[in-house]
Amino acid sequence: MKIIQVTCAIILFDDKVLAVQRSKTMKLPLKWEFAGGKIEAGETEIDCIKREIFEELNINIQVNKRLTPVIHEYPDFKIELIPFITEYRSGELKLSEHSDFVIANKKELLNLDWAEADLPVLEEFLAL
Ligand SMILES: Nc1nc2c([nH]c(=O)n2[C@H]2C[C@H](O)[C@@H](COP(=O)(O)OP(=O)(O)OP(=O)(O)O)O2)c(=O)[nH]1
């Protein structure tokens, strides 16, 4: 199966983290994820994550660190999820695609119903 490369951002707001909920009409409906999206042709990972975050959330971020990519096979598609630790820089947060968001502490993050591919990402982040 073809692997779709997807970047995602763990966005820090001081010591809390932004998580977003996919809408009912998206793939993986109502699952929680880190905002991000597919890498476009000719785009670097960093360009991709900054673009996706601005498109989805209307904010600018600073990218600080790349975590370990996760390859995950869902029943009908396969992704390489490439996570970055980032921090909020500017702009007013507005959702354009997602149905909800939280800015949560580590314990609160663990209670969300995550997309499966995000679980190793969350684990690596929480262990830092
Ligand atoms: N953005 C993002 N996508 C994730 C995460 N975890 C995870 O499994 N995914 C999946 C969901 C999507 O199928 C894919 C990312 O594609 P996308 O964000 O462009 O979402 P999409 O499927 O709604 O886009 P599209 O096919 O309609 O163009 O990766 C995550 O943390 N962030």
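Preceding this section is the structure that the text describes.
The structure presented is a predicted model; accordingly, all values stated were derived computationally and were not measured.

Teacher, can you tell me more about the pattern of salt bridges here?
When their charged atoms lie close together, side chains carrying opposite charge are able to pair. Using the criterion set out here, one finds eight salt bridges in the structure. Linking arginine 22 and glutamate 33 is a salt bridge whose minimum nitrogen-to-oxygen distance equals 2.7 Å. In this pair, arginine 22 is assigned in the loop between strand 2 (16-21) and strand 3 (32-33) and glutamate 33 in strand 3, connecting sequence segments eleven residues apart. Of the two residues examined, arginine 22 and glutamate 33, each falls in the buried class. Two residues, lysine 31 and aspartate 113, come together in a salt bridge whose shortest N-O distance is 3.0 Å. A residue pair is termed long-range when its members are at least 10 positions apart, and lysine 31 in the loop between strand 2 and strand 3 and aspartate 113 in the loop between helix 2 (106-110) and helix 3 (119-126) qualify at 82 residues. Under the relative-accessibility criterion, aspartate 113 is labelled partly exposed at 44%.

Cut-offs applied
- Residues numbered from 1 in each chain as written.
- Predicted model: local features only at pLDDT ≥ 70, side-chain atom pairs only at ≥ 80, totals over all residues.
- Heavy atoms only, no water.
- Salt bridge = Lys/Arg side-chain N within 4 Å of Asp/Glu carboxyl O.
- Helix = DSSP H or I, 4+ residues; strand = E, 2+ residues; numbered from the N terminus.
- Buried < 20%, exposed > 50% of the residue type's maximum accessible area, 1.4 Å probe, protein only.

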